[in-house]
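Now for the letters of each chain:
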Amino acid sequence: MVNQPQFSFPWTRRYRLALLVLAILLPTTLLLGAGIGAYKIAPLEIPAILLKGEGVEYQVLTALRFPRVLGAALVGALLAMAGAVLQGLFRNPLVDPGLIGVSSGAALGAALFIVLVPGSASLEAYALPVWAFLGGLLATQALWWIARTPFGTQVAILLLAGIALNSLVGAAIGLLISASTDQQLRSLTFWTLGGFSGVTWRLLLAGLPFALLALCLLLPLARGLNALTLGEREAFHLGVDANALKRQAVLGSALGVGTAVAMAGGVGFIGLVAPHLFRLVAGPDHRYLLPGSALLGSVLAVLADLLARTLVAPAELPVGILTALLGGPFFLYLVMRFKKEVYRA
Amino acid sequence: MLEAHNLGYRVGGRWLLKGLHLSIAPGEVLGILGPNGSGKTTLLRLLAGEIPLSEGEILLEGRPLAVYRPSALARTRAVLSQLQEMGFPFTAYEVAFLGRLPHLEGRREKTEDHAKTLRYLERVQALPLKERLLPTLSGGERMRVEMARLLNQEAKLYLLDEPTNHLDPRYAMDLLQLFRSLAQEGAGVVAVLHDLNLACRFADRLLLLKGGRMVAQGRPEEVLQPNLLQEAYEVAFQAWEDPSGTRVILPLTATRG
Amino acid sequence: MRTAITLFCTGALTLAGLAWAQPFRAGDTPAKGRQGTASAERIVSLDGISTEILFALGMGDRLVGRDDSSLYPPQALRLPSVGYQFRLSAEGILSLRPTLVVGRDDVRPPQVLEQLKAAGVKVILYQNEPTAEGAKRKIRLIAQAVGRTQEGEFLVRALERDLLALKAFKAQNAPKGKLRGLFIYARGTQTTFVCGEGATPVGMMELAGLENAAQGIQECKPMTAESVVAARPDVIVVFKRGLDSLGGLEGLLRLPGVAQTPAGQRRKVVAMDDNYLGSFGPRAGRAALDLFRAAYLQEGFVEVAPR
């Protein structure tokens, strides 16, 4: 072994600091998101408008911006935490909620609804999320069934099954797309590109119980995931019921991603980037990583949405394009910096 | 402490282990020997509760292994398996702290848990490593951190799978010394070993396996007989006593034999 | 792959729309002392046809916003665009402070319509019917909504006159048999569709007396060489911009299957301005007449400009 540079980080201080900064950043971002938009409203007038309780400004704030900003925050938190948990579960930092087929399962559910239920336009806003969620859950269930072996669920098999399922679902969606009419196609593309412009209070409140349940399933996994970084057998040696952990992680992330996808369509990158950024800035300890990723995911989603709806106002950019465009380069920069720090290369 | 009766483990109609009996008392070190593929690691995994028995019974502290929940099991026995790459770069301290996990069930971590982690890191002389990232440690350093994690479990029984693999003689001796002293404190130790001479010095009793069956079990001098070893390994062995009276075993190559 | 293409197309359309969007200034909308209902003070149009109808009704100066498909008349391009009509956001539309929003009834996401209504904006929606009757219904609906029923009737009568003229012209130049027309939608050689029943350009072809060669196809389907050959079109109709995206006439003729059709062999292709061919609005009668002339009375490749 060559001489290793002896360096030391005040690790836990770094974790706590990161969480603190994010805990301050999130409310700031939410206020920023609620205060800025295509419809010009002076920030200082907002309290007066809210007190008045009527008028177009009041409508824009309460019926459009508030649910939208909160929806973005919720979706960001769900995707980021599901991403963090799945990365921990698969012991692979490149895992994305899309990988185990949850996202494509949800997409298939939505596509089935749009193409197979004719004359559904009026129902769409409310029925589509349910179908997307069911699709995601069904895909995860199928994956679970495929990946089971007499010795429990092996991660390698789970991954392979996920890949197979993804391509199968992709083919099914392709089939539906080629069989769909022009109008259905428009619905599909709107839905797969993602965006928060359709988030209403009703949609938000419908998704909230699912979101909370997902968070309740995912947050307690932190210690088990920490043990799992040593390996599946080692986690069991440390008293972690690895199969129960996997079941809860898959169910929780299916629920989280399904809810997120149902609310906003396919908003990519956040589930991959938020946990990564937190790990690079603070560290990989899941006790901090899970809440940290959720906060960071919220901040990223709200900011991305803010840019998406203001950059080209009164029109709008697809938010997924922005998350990729902003997240990618920043992420690359951090990777390069991290590489220098650890490997001196 | 640990009793195993008539152990059998079968995969697809083939018995990997069959008809094994063994027991470990507190303060005792049991070494498991045998050629590659003789079922040593499988036996350890059965004892750890990782895989279910096909036949027989294992009693840990008088209760069948199957009734233990994973966390209760982890408070009773600690396992050192072959080192793997970590999923994410944790610090040495974070890894050692993971050993507290079975004791944290249903409660928050306290200062005491961290104090213990530091104490055990100190005991294995790994305290200066505590803020280093695990992937940057050498094999010996990494093993010391794993030892601290095992100690942190405060278990009564230690199951070790080839603990001296990839360690130079000094680290290997340090490690075995540590487990001897743990045994003196009342712990039971089961270790799968490759090096016959280390096994001879380290273990109170030895179990020699071949093809999943027991060839011999007993005190090192009883088991490390050239004829028994030849039966197990299919190579001729020669044994003699060194000046201190300890037995030394060496295989004889075919040309020389 | 298909998804990727669809996504790419939608993205490209959106970006194209952005390029046309102009910054909005308060000074751009005078409109004082005009007749019209109070709710029609500031109008956002979410579809190309409604934009065209509003300008034809003389309400162009009341328009404060448009969608990406509103490209005619050219003055419309000066208005800020709220984006693609199937990717709308309520706040973007509201930021133009409209009193009236007009568009198709299948805009996306549908929640936007509820949000607009909740903010007190009047919303007028129409069904997208690719027929002359549909065009009349749209004109009357919008005219009534902006309080210009009279002007609306003038437009409808003008359209009816055009349709009569078309009928008379068709009778005069009675073709021996109906020609089979095939509409090909193209955005580059990799994105080619054949359109049939229910597609707007096909409705226009039928109005112009062409027989729809793509029988059994609902709306638009990815084009295959064999389906093109089997359709046996006597004339191929394309959007002008679609033809440009293929690299002109030669590019179209090189598409698999096209050269094996009667139209391909006689190089009988009509390229028509996108908005002219693709809109059933006030100009529908004229557009059909121009298409009839190009298909039946002229030889070889014809480009039809709007009038």
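Residues numbered from 1 in each chain as written. Chains lettered and ligands numbered in written order. Predicted model: local features only at pLDDT ≥ 70, side-chain atom pairs only at ≥ 80, totals over all residues.

Visitor: Just to check I follow, could you spell out unusual backbone geometry for this structure?
Guide: Backbone phi values are negative for most residues with the exception of glycine, while trans is the configuration of most peptide bonds. Going from Ala-313 of chain A to Pro-314 of chain A, the amide bond is cis rather than trans, its omega being 10°. With respect to the element layout, Pro-314 of chain A can be found in the loop between α13 (286–310) and α14 (319–343). In this model, Tyr-72 of chain C is joined to Pro-73 of chain C through a cis peptide bond whose omega is -5°. Topologically, Pro-73 of chain C is positioned in the loop between β2 (63–65) and α3 (90–94). Backbone geometry places Glu-162 of chain B, a non-glycine residue, at a positive phi of 45°. Even without being a glycine, Arg-267 of chain C presents a positive backbone phi close to 50°. Assignment of secondary structure puts Arg-267 of chain C in the loop between α11 (262–265) and β10 (269–272). (Helix = DSSP H or I, 4+ residues; strand = E, 2+ residues; numbered from the N terminus.)

Visitor: Can you walk me through helix α2 (residues 48–56) of chain C in this structure?
Guide: Since one α-helical turn is 3.6 residues long, residues separated by three or four positions face the same way. Residues and elements named next belong to chain C. With nine of nine residues buried, α2 is to be regarded as a mostly interior element. Every buried residue of α2 is accounted for by Gly-48, Ile-49, Ser-50, Thr-51, Glu-52, Ile-53, Leu-54, Phe-55 and Ala-56. Elements that come into contact with the buried residues of α2 comprise β1 (43–45), β2, β3 (100–104), α5 (132–145), α6 (149–172) and α12 (274–277). The positive-phi residue at the C-terminal boundary of α2 is Gly-58, with phi of around 80°. (Buried ≥ 20, exposed ≤ 12 C-beta atoms within 10 Å, placed from the backbone. Contact = placed C-beta atoms within 7 Å.)

Visitor: Which parts of the structure should I look at to understand the sheet that holds strand β5 (residues 63–64) of chain B?
Guide: Strands belonging to one sheet form pairs held by backbone hydrogen bonds; the direction of such a pair is parallel or antiparallel. All names here are of chain B. With antiparallel pairing, the four strands of this open sheet are ordered in space as β2-β1-β4-β5. This sheet does not close on itself; its edge strands, each paired only once, are β2 (14–24) and β5. The pairing of strand β1 (residues 2–11) with strand β4 (residues 55–60) spans five bridges and is antiparallel. Residue Ala-4 lies in a different strand from β4, and its bridge partner there is Ile-58. Across the face of the sheet, helix α1 (residues 40–48) comes into contact with β1, β2 and β4 while running at roughly 120° to β1. (Pairing = 2+ DSSP bridges. Axes fitted to C-alpha atoms, helices over the stretch in contact; angles between N-to-C directions.)

Visitor: It is not clear to me how the interface of chain A and chain B should be interpreted in this structure. Could you clarify?
Guide: Interface extent is often summarised as the accessible area lost during association of the parts. Residue-level contacts link 27 residues of chain A with 26 residues of chain B. Going through the elements one at a time, α9 (222–228) and α10 (232–237) of chain A are the ones with two or more residues in the side of chain A that touches chain B. Taken together, the residues that form the side of chain A that touches chain B break down as 13 nonpolar, seven polar and seven charged. (Nonpolar A, V, L, I, M, F, W, Y, C, P; charged D, E, K, R; others polar.)

Visitor: Before we go on, may I ask you to explain the nonpolar core in this structure?
Guide: Here is a general trend for soluble globular proteins: nonpolar side chains tend to be buried in one another's company. Ranked by size, the top nonpolar core spans 271 residues in total, and within it Met-81 and Val-85 of chain A, Tyr-158 and Val-189 of chain B together with Leu-291 of chain C carry the most contacts. Filtering out sequence-adjacent residues up to four positions away, Tyr-158 of chain B remains in contact with Ala-78, Leu-150, Phe-179, Leu-182, Ala-187 and Val-189 of chain B. (Core = buried A, V, L, I, M, F, W, Y, C linked by C-beta atoms within 7 Å.)

Visitor: Is there a simple way to think about the pairing of strand β9 (residues 205–210) of chain B in this case?
Guide: Here is the key point about a regular strand: its side chains alternate between the two faces of the sheet. Residue and element names in this part refer to chain B. Examined bridge by bridge, strand β3 (residues 29–33) and β9 share four bridges and lie parallel to one another. For Leu-30, the partnering residue across the bridge sits in β9 and is Arg-205. The sheet contact formed by β9 and strand β10 (residues 213–218) spans five bridges and is antiparallel. Directly across from Leu-209, in β10, lies its bridge partner Met-214. Hairpin connection, β9 to β10: the antiparallel pair is bridged by two residues, and Gly-211 has positive phi, about 55°.

Visitor: Would you mind going over the packing of helix α3 (residues 56–89) of chain A against α13 of chain A with me for this structure?
Guide: Each pair of packed helices gets described by two things: the angle between the helix axes and the distance between those axes. All names here are of chain A. In contact at an axis separation of 7 Å, α3 and α13 are set at 140° when each is read in the N-to-C sense. Between α3 and α13, the angle falls in the class oblique. For α3 against α13, the interelement crossing comes out right-handed. Grouping the constituent residues of the contact of α3 with α13 by class yields 17 nonpolar, seven polar and one charged. (Parallel < 35°, antiparallel > 145°, perpendicular 65-115°, else oblique. Left-handed = near helix turned anticlockwise from the far one by under 90°.)

Visitor: What am I meant to see in the sheet that holds β1 of chain C here?
Guide: Residues and elements named next belong to chain C. Read from one edge of the open sheet, four strands run β2-β1-β3-β4, paired in parallel fashion. On the outer flanks of this sheet lie β2 and β4 (122–126), each paired with one strand and no other. The average angle at which neighbouring strand axes cross in this sheet is 30°, direction not considered. Here five bridges tie β3 to β4, and the two strands are oriented parallel to one another. Looking at β4, one finds that Val-101 is bridged to Val-123. The strands touched by α2 within the sheet are β1, β2 and β3, with β1 carrying the most contacts at an inclination of about 135°.

Visitor: How do you make sense of the confidence of the model for chain A when you look at a structure like this?
Guide: In low-pLDDT segments, the atomic positions of the prediction should not be examined closely. Per-residue confidence for chain A gives a mean pLDDT of 82, with 83% of residues at or over 70. Taken as a whole, residues 1–10 of chain A scores under 50 in pLDDT and shows six contacts with residues more than four places along the chain or in a different chain. (pLDDT = per-residue confidence, 0-100.)

Visitor: Mind showing me how you'd approach the packing of α5 of chain C against α6 of chain C here?
Guide: Residues and elements named next belong to chain C. Running from amino to carboxyl end, α5 crosses α6 at an angle of 165°, the nearest separation of the two axes being 8 Å. As judged from the angle between their axes, α5 and α6 are roughly antiparallel. The two elements α5 and α6 cross, and the hand of that crossing is right-handed. For the pair formed by α5 and α6, the contact residues are Ala-132, Ala-135, Lys-136, Ile-139, Arg-140, Ala-143 and Gln-144 on the first element and Thr-149, Glu-151, Gly-152, Leu-155, Val-156, Leu-159 and Leu-163 on the second. The residue inventory of the contact of α5 with α6, partitioned by class, reads eight nonpolar, three polar and three charged.

Visitor: Looking at this structure, I do not really get the confidence of the model for chain B. What am I missing?
Guide: Mean pLDDT for chain B: 90, with 98% of residues reaching 70 or above. Reported for the predicted complex are a pTM of 0.82 and an ipTM of 0.91.

Visitor: Even after reading the chapter, I still don't get the pairing of strand β12 (residues 247–252) of chain B, so can you show me in this structure?
Guide: Residues and elements named next belong to chain B. In terms of strand pairing, strand β11 (residues 236–241) meets β12 through six bridges, oriented antiparallel. Paired with Ala-236 across the strands is Leu-252, a residue of β12. Counting the residues that bridge the hairpin from β11 to β12 gives five residues, and of these Gly-245 lies at a positive phi of roughly 95°.

Visitor: Whenever I open this one, the environment of Thr-253 of chain B confuses me. Can you help?
Guide: Mapped onto the elements of the fold, Thr-253 of chain B is located in the segment after β12. Expressed as a C-alpha distance, the spacing of Thr-253 of chain B and Val-235 of chain B, which sit 18 residues apart in the sequence, is 7.6 Å.

Visitor: Just to check I follow, could you spell out the domain arrangement of chain B for this structure?
Guide: Residues and elements named next belong to chain B. Domain assignment breaks chain B into domain 1 (2–61 + 156–252) and domain 2 (88–155). Taken together, the contacts link nine residues of domain 1 with seven residues of domain 2. At the level of elements, β7 (157–161) and α6 (169–184) are the ones that each hand at least two residues to the side of domain 1 that touches domain 2. Element by element, the count of residues in the side of domain 1 that touches domain 2 is highest for α6, at three residues. Tallied by class, the residues present in the side of domain 1 that touches domain 2 amount to six nonpolar, one polar and two charged. (Domains from an automatic or database assignment.)

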